[in-house]
Amino acid sequence: MRPLRSLAVQVPVLLVIALSLVVSAGAWGLHTIVLRSFERLEITNAELDLRRFANAIDNEVAQLDRQLNQVVAFSAGGDFDVLPSPAQGVMSVTANIACFFDASGALLSADSHDPAEALLQSVDPIDFCSRLEGHPSMAPALAGERVAGLHDAEGVPFFIAAAPLAEVGGGAVLLAHYFSPEELAELTTRMEISIDFWSMQTPNLDVLEAAAGAALSLGAPIIINRRSEDVLQVYWAFQDAAGEPAFLARANVFRDLREIGDETVLLSALAMAGVGVATILLAVLLVRLLMVSRLTRLTQRLLDIRDRGLGSLRVKAGRRDEIGVLAEEFDNLLQELAATTQQLADVSYRAGRAEVTEGSLHNIGNALNSLLASADAARKRLRADSSGKIAQATRELAQGNNLTERQGKLAQYAALASEEEGAQLKALAADIERVLLHTSRIEDILESQRRLGSDANLAVASEALPLINTAMRAFSDGLAENITMRLDNSLMGLPPVICVRSVILQVFANLLANAAEAIVRGGADRGQIVISAASTTFDGAAMVDIQITDDGAGMNEAELVKVFQRYYTTKPGRGHGIGLHWCANVVTSMGGHLYAASPGRGQGATMHLLLPRVPQS
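It should be emphasised that the depicted structure is a prediction, and the values quoted were computed from it without experimental measurement.

**Brief notes about the overall build of the protein**
(1) Moving on: Along the protein, the regular secondary structure elements total 13 helices and 16 strands.
(2) Moving on: Per-residue burial for the protein yields a buried fraction of 37% across its 617 residues.
(3) Moving on: The long-range share in the protein, meaning contacts at least 24 apart out of those at least 6 apart in sequence, stands at 65%.
(4) Moving on: Summed over its atoms, the accessible surface of the protein is roughly 35,400 Å², and 56% of this surface lies on carbon and sulfur atoms.

The following block contains the structure:
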């Protein structure tokens, strides 16, 4: 027997494996979903910082633009020396450079104010203003429109504001404010953000930054760099006053949210593991209470049944659930198996009896051989008997002359006695012939039964009418005087059928005997058995339907159904219920069919014997 692998061990192991898979998948899913959510939040925060920074720059530019109004007013009096501006005390952004252009865009004059000399370290004011001649940023101002924004002076960022000078005969004025690194640091510190800001024309840019600038120049809204696990970098492009991308800003977001997300995932995984362990413990407890203990009892019960026998114990179902139904159905299966085992024992017993019967049939056959030999010898002796000559001699002696009265009477007596003995010998010879006929038939039956068990190919093509005539001759000796048998004209010209001749003769004998007994049970003064035939089909096969009809007791519908069942008989106290059952079985084994039909009780019955026709060539 294979070793028992307890469910009490297998179930917890499977649950632990399942929990490990679930926790791993859940942790991975949480890590993916939560971290992506936090990253989106980080990107959103970076975009918000960049927008705040852009708003701060717009505010700086707007202040410079307001200062421009005062410069334009001073310039209307022909004064181009406007720096420092009177507004410098109230504005955080003051102009460092002022450039004046005539109506054609040529530089008229330039003025600068740089107390800390930070500007002169980066750009020359005259050179700065000269480069603005013909620059796209000045085109709106020369056309009579104001313009303000950022300006890239070969890598140096400036805030600029320009306006037309219509009061002095045309031209334009431009104010510029140097956006120094110190001012950038002060601005980002005040806003509590981390922003890097540089010109796209800055030499020796990092490859990634150059690529980001190129992508933003082509219209991308933002560029995200996940280079580091600690810092998330988001790039944003700033346009100059002419509307062209000129500066690149990078928001640096320290990934504190990611650390929070990692902690959240870890805590979630630990919580899932804790809940899973508690679930496993509860599941194991429930499995033990609801399944394992009951299955253990069921298994022990089955082992006890195996040791004591199928019919010794019953499997107790217990509760009406799946295991209870399983136990109940298994109990039914065991009962059916016990019944089948008993049937098998009965079959084995019958097989043993059949073997004994086979030996008995063999011995009966041997005895019949001796009986046949003795009867044949008696027939030969009777044929050689000289009683006829003796009778002739006594008749002649009785007719002779010169006999005394006593001699004459003795001679007449001897003649009469010899004639009577001759008649008795003739009757005995006829009886011996019938004994030989029936004995030969019994021997044929025994031989066919012996061969039928070992040879399944005994069926041959046979003419039906000669078989019917043979069966009628054999049966007519025991037929009652008030019962007649008639052959219908439909039997003439019947096609050959496939059958085992000796077996079909027995079937005919059984059917004729049943028909005669039905007539007797019907109580009529006279009866008739009619044998007819017709061609038909059964299960798609061509058949010859031989019909044996009587006008006897008949059968009702229930009897028609049960008449071929084993041990069923309509002759209480006389029949064994074997004949028709045997007939139906052997006819079916030959590929035929046997069934009964009757209009009802007292109206006779017809046995339909269907035999396969010989295929037409």
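**Observations concerning the side chain of Asp550**
(1) Moving on: Relative to the elements of secondary structure, Asp550 occurs in strand 14 (residues 541–550).
(2) Moving on: A polar contact of 2.8 Å, which involves the side chain of Asp550, links it to the backbone nitrogen of Gly552.
(3) Moving on: The contact partners of Asp550, leaving out residues within four places of it in the chain, are Ala515, Ala518, Ile519, Gln528, Gly604 and Ala605.

**Considering the nonpolar core**
(1) Moving on: Judged by nonpolar contacts, the single largest core of 44 residues is most densely connected at Phe508, Leu512, Ile529 and Ile546.
(2) Moving on: By residue number, the principal contributor to this core is helix 11 (residues 501–522), which donates nine residues.
(3) Moving on: Apart from residues no more than four positions distant in its own chain, Ile546 is found in contact with Ala464, Ile468, Phe508, Ile531, Ser532, Ala533, Met607, His608, Leu609 and Leu611.
(4) Moving on: Membership of the second largest hydrophobic core comes to 38 residues, among which are Phe53, Val61, Phe197 and Trp236.

**Here we look at the sheet that holds strand 8 (residues 231–239)**
(1) Moving on: One open sheet holds the four strands; their spatial order is 6-9-8-7, and the pairing between them is antiparallel. Only two strands of the sheet have a single partner each, and these edge strands are strand 6 (195–199) and strand 7 (223–225). Within the sheet, the average angular offset between the axes of one strand and its neighbour, ignoring direction, is 20°.
(2) Moving on: Direction of pairing for strand 8 relative to strand 9 (residues 245–254): antiparallel, over a ladder of nine bridges. What sits directly across from Val234, in strand 9, is Ala251.

**Considering helix 4 (residues 181–191)**
(1) Moving on: Three or more residues of helix 4 are buried, namely Glu183, Leu184, Leu187, Thr188 and Met191. An end-on view of helix 4 places all buried positions within 130° of arc, on one side of the element. Turned more than 90 degrees away from the buried face of helix 4, the exposed residues are Pro181, Glu182, Glu186, Thr189 and Arg190.
(2) Moving on: At the C-terminal side of helix 4, Glu192 shows a positive phi close to 60°.

**Some points on the pattern of salt bridges**
(1) Moving on: Counted under the stated rule, the structure contains seven salt bridges.
(2) Moving on: The salt bridge involving Asp65 is made with Arg146; its shortest N-O contact spans 3.1 Å. Here Asp65, found in helix 1 (residues 7–75), pairs with Arg146, found in the loop between helix 3 (139–142) and strand 3 (147–153); they are 81 residues apart in sequence, far enough to count as distant.
(3) Moving on: Since its relative accessible area comes to 21%, Asp65 is described here as partly exposed.

**Description of the pairing of strand 1 (residues 97–101)**
(1) Moving on: The buried fraction of strand 1 amounts to five of the five residues, a majority that puts the element mostly inside the structure.
(2) Moving on: Of the two faces of strand 1, the one lined by Ile97, Cys99 and Phe101 and the one lined by Ala98 and Phe100 are each fully buried.
(3) Moving on: The turn joining strand 1 and strand 2 (residues 107–112), which pair antiparallel and follow one another in sequence, is formed by five residues; a positive phi near 95° is taken by Gly105.
(4) Moving on: Pairing between strand 1 and strand 5 (residues 172–178): five bridges, direction antiparallel. Bridging from a neighbouring strand, Ile97 pairs with Ala176 of strand 5.

**Let's talk about the packing of aromatic side chains**
(1) Moving on: Throughout the structure, instances matching the rule amount to nine aromatic pairs.
(2) Moving on: Taking 5.7 Å as the distance between ring centres and 85° as the angle between the ring planes, the aromatic pair formed by Phe53 and Phe238 counts as edge-to-face. One end of the pair, Phe53, is in helix 1; the other, Phe238, is in strand 8, with 185 residues separating them in the sequence.
(3) Moving on: Phe238 sits in the buried class, given a relative accessible area of 8%.
(4) Moving on: With centroids separated by 5.6 Å and ring planes inclined at 45°, the aromatic side chains of Phe158 and Tyr178 adopt a geometry described as tilted. Highlighted residues: Phe158 in strand 4 (residues 156–164) and Tyr178 in strand 5, separated in sequence by 20 residues.
(5) Moving on: In this structure Phe158 comes out as buried when scored by relative accessible area, which is 0%.
(6) Moving on: Put simply, the rings of Phe53, Phe159, Phe179, Phe197, Trp236, Phe238 and Phe247 touch in pairs and so form one group of aromatic residues.

**Some points on the pairing of strand 13 (residues 527–538)**
Every regular strand shows the same layout, with side chains that alternate between the two sheet faces.
(1) Moving on: The pairing of strand 11 (residues 483–487) with strand 13 spans five bridges and is parallel. Across the sheet, Thr484 pairs through a bridge with Gln528, a residue of strand 13.
(2) Moving on: Pairing geometry for strand 13 and strand 14, over 10 bridges, is antiparallel. Each bridged residue has a counterpart across the sheet, and for Ser532 the counterpart in strand 14 is Gln547.
(3) Moving on: Hairpin connection, strand 13 to strand 14: the antiparallel pair is bridged by two residues, and Asp539 has positive phi, about 55°.

**Things to note about helix 13 (residues 579–589)**
(1) Moving on: Every buried residue belonging to helix 13 is among Leu580, His581, Cys583, Ala584, Val586 and Val587, and all of these are buried.
(2) Moving on: Contacts from the buried residues of helix 13 go to helix 11, strand 15 (593–597) and strand 16 (605–612).
(3) Moving on: After helix 13 finishes, the residue Gly591 shows a positive phi value of roughly 85°.

**Some details on the sheet that holds strand 4**
(1) Moving on: Across the sheet, which stays open at both edges, the five strands sit in the order 2-1-5-4-3 with antiparallel pairing between neighbours. Taken across any chain shown, the strands that pair with only one partner, and hence form the sheet edges, are strand 2 and strand 3. When the angles between neighbouring strand axes are averaged without regard to direction, this sheet yields 25°.
(2) Moving on: Where strand 4 meets strand 5, seven bridges bridge the pair, whose relative direction is antiparallel. By the bridge assignment for strand 5, Ile160 is matched with Ala176.

**Observations concerning unusual backbone geometry**
(1) Moving on: One non-glycine residue, Glu192, lies in positive phi territory at about 60°.
(2) Moving on: Its identity as a non-glycine residue notwithstanding, Asp539 has a phi of 55°, on the positive side.
(3) Moving on: When you line up the elements, Asp539 lands in the loop between strand 13 and strand 14.

About the cut-offs
Residues numbered from 1 in each chain as written. Predicted model: local features only at pLDDT ≥ 70, side-chain atom pairs only at ≥ 80, totals over all residues. Heavy atoms only, no water. Helix = DSSP H or I, 4+ residues; strand = E, 2+ residues; numbered from the N terminus. Buried < 20%, exposed > 50% of the residue type's maximum accessible area, 1.4 Å probe, protein only. Contact = heavy atoms within 4.5 Å. Areas by Shrake-Rupley, 256 points an atom, 1.4 Å probe, with all protein chains shown as cover. Polar contact = N/O pair within 3.5 Å; in protein donor to acceptor, adjacent residues only side chain to side chain. Core = buried A, V, L, I, M, F, W, Y, C linked by side-chain atoms within 4.5 Å. Pairing = 2+ DSSP bridges. Axes fitted to C-alpha atoms, helices over the stretch in contact; angles between N-to-C directions. Arc of directions from axis to C-beta. Salt bridge = Lys/Arg side-chain N within 4 Å of Asp/Glu carboxyl O. Phe/Tyr/Trp six-rings, centres within 6.5 Å; stacked < 30°, edge-to-face > 60°.

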